[in-house]
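As a plain string of letters, each chain reads:
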Amino acid sequence: MSRPDVASGQGGHPGANPFLPEWEYVPDGEPHVFGDRVYLYGSHDRFGAPIFCVGDYVCWSAPVDDLTAWREEGVIYRRGQDPANRLGLRLLFAPDVARGADGRYYLFYAFDFMGTIGVAVCDTPAGRYEYLGRVHYPDGTPYGRRAGDGFAFDPAVLVDDDGRVWLYSGFRTPMPALATGGIRTASDGAYVLELAPDMLTVRGPQRLLMATDDPAFLGHGFFEASSIRKLDGRYVFVYSSVANHELCYATSSRPDGGFAYGGVLVSIGDVGLPGHAGEAHGTNYLGNTHGGLLCLGKRTYVFYHRQTNRNSYARQACVEELLPNGRGGWLQAEVTTSGLAGTLPGVGTYQARLACNLWSADGVGRVDGPYPRRALAAHPFLTQEGRGRSARQYVANLRDGAVCGLKYLDLSQTRGIRLVCRGRGAGVVEVSDDAGFSRLLGTVDVAAAGRTWADFAAPLEPAGPRCPLYLRHRGCGHVDLLEFELLT
């Protein structure tokens, strides 16, 4: 049974990133249009878990004419439904869904790090899927269990206009043969193979779609996160590169080869945009990301996920609109708070968790590096208090020089700000529309902040009709920020 549309999960700003409620952690999002709705399929993280994807698969959907009105469709597939996982100990990694020639919907998923791909089927896009089988060769051998098979991981599926079915997968990190049934699989790029109309049986030979070390990909070779679309007669393959924090794309006139590098679609730290040439100059904390494209009319969107809690195991779905580059592709999108909502109003209450930029006085770091909690102990981070649907996310550990930023807001009539924060120490929070804080719009005295949430207010100078808003802590100790209210 579907649930009511979620209109308040973004702190009163539907469509703002992350666009699902603060208690929901759906990474690896694949958006697909079925009928008059967009359905988002992904993995399912849980806050506080010690590993990726510990949850069952859930689905969210929105009307094609209102991508700010997301509805919870509930659990569509439980990991214990796979016969090889009756105890539910194995994880369900990034899935994809395609509609078969029979009109039914097929869910493809990577079965943990085992190197095989499971398939489940349902009569409706967001109903209860039932296990169907493993992708396998005609003799019954699962794909991933023959020497030389690509490591079956992060599947993407395309049912082409001619009815042919194409399966894409791959993983750059070599896996021990112990995990793959004693078979040594390949990990040198992305692979494609054709499936029979039954959506299970391998029909054609495996082909290397793109090699990780192909120099034509300019250091943005394939790592994981296969995603495929056919747009305006050409095939667009989206993937996470060896940099890991970015989604890139390649295009071809055919589904099974000939892909040429197109560029970066989005980096979760804006790495690659002007002024952010490398990871040391990122605007947010880095880790893996995964997603896919959605084309609605003349607009194209890229779905991706961000990291929270100083680890890779509590990721949340975000989306940005892509702008054309004049050469048939797209410019790299900037990570924003406004997302699907457009320019946000300069009045009202905003949850601090909507921050799209976060860095310390020493810059950012990687949450997937060694011992990230220790390595990033002096850095700000997104986290939550409470569990389940009563959880409240906030920005924690803003120390001297740390910055929390939101983009983009209409600040032309904004004349005041009220912060809800807590902390230990003394200092102020500076407010600016410039990342370098060359101009201050105001300063909030938070010296009296204690262990409980409290309000602190100050006047602001108005700024422009479409501006970023940056908050920087200056002083000793640290401050946690729950929300702020903009006043006119």
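As a starting point, this report considers the structure included with it. Since we're looking at a predicted model, the values are computed, not measured.

Moving on, we come to the overall build of the chain. The helix and strand inventory of the chain stands at one helix and 31 strands. Here the chain has a C-alpha radius of gyration of 23 Å; the compact-globule value for 488 residues is 23 Å, and the two agree. Seen through its principal axes, the chain has C-alpha atoms that stretch 70 × 50 × 40 Å. Once local pairs closer than 6 in sequence are excluded, the contacts in the chain between residues at least 24 apart make up 60%. Roughly 18100 Å² of accessible area belongs to the chain as shown, and the carbon and sulfur atoms make up 52% of that amount.

So, about the sheet that holds strand β6 (residues 92-99). If you trace the four strands from one edge of the open sheet to the other, you get β6-β7-β8-β9, paired in antiparallel fashion. Either end of the sheet is taken by a strand with one partner, and the two such strands are β6 and β9 (130-134). Between one strand axis and the next, the sheet turns by 30° as a mean value, whatever way the strands run. The sheet contact formed by strand β7 (residues 105-111) and strand β8 (residues 117-122) spans six bridges and is antiparallel.

Quick look at empty space enclosed by the protein now. Inspection of every chain in the model, using the stated rule, returns four cavities of 30 Å³ or more. Approximately 110 Å³ is the volume attributed to the largest cavity. Taken together, 13 residues line the largest cavity, and the ones lying closest to its centre are Y285, Q307, V367, F381 and L382. Within the lining of the largest cavity, the residues separate by chemical class into seven nonpolar, five polar and one charged. Each pocket or cavity is described by its volume, and for the second largest cavity that value is around 80 Å³. In terms of lining residues, the second largest cavity is bounded by 13 residues, among which R306, C318, V335, A355 and C356 are the most central. By residue class, the composition of the lining of the second largest cavity is eight nonpolar, four polar and one charged.

Summed over all chains, the structure comprises 33 aromatic pairs. Judged by centre distance (6.2 Å) and plane angle (40°), the rings of F34 and Y39 are tilted. Grouping residues by exposure puts F34 and Y39 together as buried. Note on F151 and F171: the rings are 5.9 Å apart at their centroids and 40° apart in plane angle, and the pair reads as tilted. With F151 in the loop between β9 and β10 (156-159) and F171 in the loop between β11 (165-169) and β12 (189-195), this residue pair connects regions lying 20 residues apart in the sequence. Judged by its relative accessible area of 1%, F151 is buried. Sitting over the face of the ring of F381, R310 holds its NZ or CZ atom 3.8 Å from the ring centroid. Here the guanidinium or amino end of R374 rests over the ring plane of Y371, the centre of that ring lying 4.7 Å away.

Mapping D28 onto the fold places it in the loop between β1 (5-6) and β2 (30-34). Here D28 sits buried without a salt bridge, and the closest side chain of opposite charge, R315, lies 4.1 Å off (N-O distance). A polar atom in the side chain of D28 sits 2.5 Å from the side chain of S43. Setting aside chain neighbours within four positions, we find D28 in contact with Y41, G42, S43, C53, A94, H290, H305 and R315.

A few words now on the state of the cysteines. In the structure shown here, the tally under the stated rule is zero disulfides. We note that C122 lacks a disulfide partner, and the nearest cysteine sulfur, in C59, lies 10 Å from it.

A complete count under the given rule lists 27 salt bridges for this structure. With its nearest N and O atoms 2.7 Å apart, the salt bridge here joins R229 to E30. Taken together, the positions of R229 in strand β14 (residues 222-231) and E30 in strand β2 put the pair 199 residues apart, joining distant regions of the chain. Judged on exposure class, the residue R229 and its partner E30 are both buried. If you follow the salt bridges from partner to partner, you end up with E385, R392, R422 and D480 in one network.

What follows covers the side chain of H44. Mapped onto the elements, H44 comes out in the loop between β3 (37-41) and β4 (57-63). Assessed through its relative accessible area of 15%, H44 is described here as buried. For H44, the side chain forms a polar contact with the side chain of E24, separated by 2.8 Å. Aside from chain neighbours lying at most four places away, what touches H44 is E24, Y25, V26, P27, C53, V54, G55, D56 and V58.

Attention now goes to the environment of C421. One can find C421 in strand β26 (residues 416-424). Considered as a pair, C421 and M175 are 246 residues apart in the sequence and their alpha carbons are 45 Å apart. Each residue touching C421, except ones within four places of it in the same chain, is listed here: V446, T452, W453, A454, F456, V479, D480 and L481.

What counts and what doesn't
Residues numbered from 1 in each chain as written. Predicted model: local features only at pLDDT ≥ 70, side-chain atom pairs only at ≥ 80, totals over all residues. Heavy atoms only, no water. Helix = DSSP H or I, 4+ residues; strand = E, 2+ residues; numbered from the N terminus. Rg over C-alpha atoms; globule rule 2.2 N^0.38 Å. Contact = heavy atoms within 4.5 Å. Areas by Shrake-Rupley, 256 points an atom, 1.4 Å probe, with all protein chains shown as cover. Pairing = 2+ DSSP bridges. Axes fitted to C-alpha atoms, helices over the stretch in contact; angles between N-to-C directions. 1 Å grid on protein atoms, 1.4 Å probe; cavity = no way out; pocket = protein on both sides within 12 Å on 5 of 7 lines; lining within 4 Å. Points joined across faces, edges and corners; volume = space filled by probe spheres on them. Nonpolar A, V, L, I, M, F, W, Y, C, P; charged D, E, K, R; others polar. Phe/Tyr/Trp six-rings, centres within 6.5 Å; stacked < 30°, edge-to-face > 60°. Buried < 20%, exposed > 50% of the residue type's maximum accessible area, 1.4 Å probe, protein only. Lys NZ or Arg CZ within 6 Å of the ring centre and 35° of its normal. Lys, Arg positive; Asp, Glu negative; His and termini not counted. Salt bridge = Lys/Arg side-chain N within 4 Å of Asp/Glu carboxyl O. Polar contact = N/O pair within 3.5 Å; in protein donor to acceptor, adjacent residues only side chain to side chain. Disulfide = S-S within 2.5 Å.

Note that all results are geometric; they support no functional claim without further evidence.
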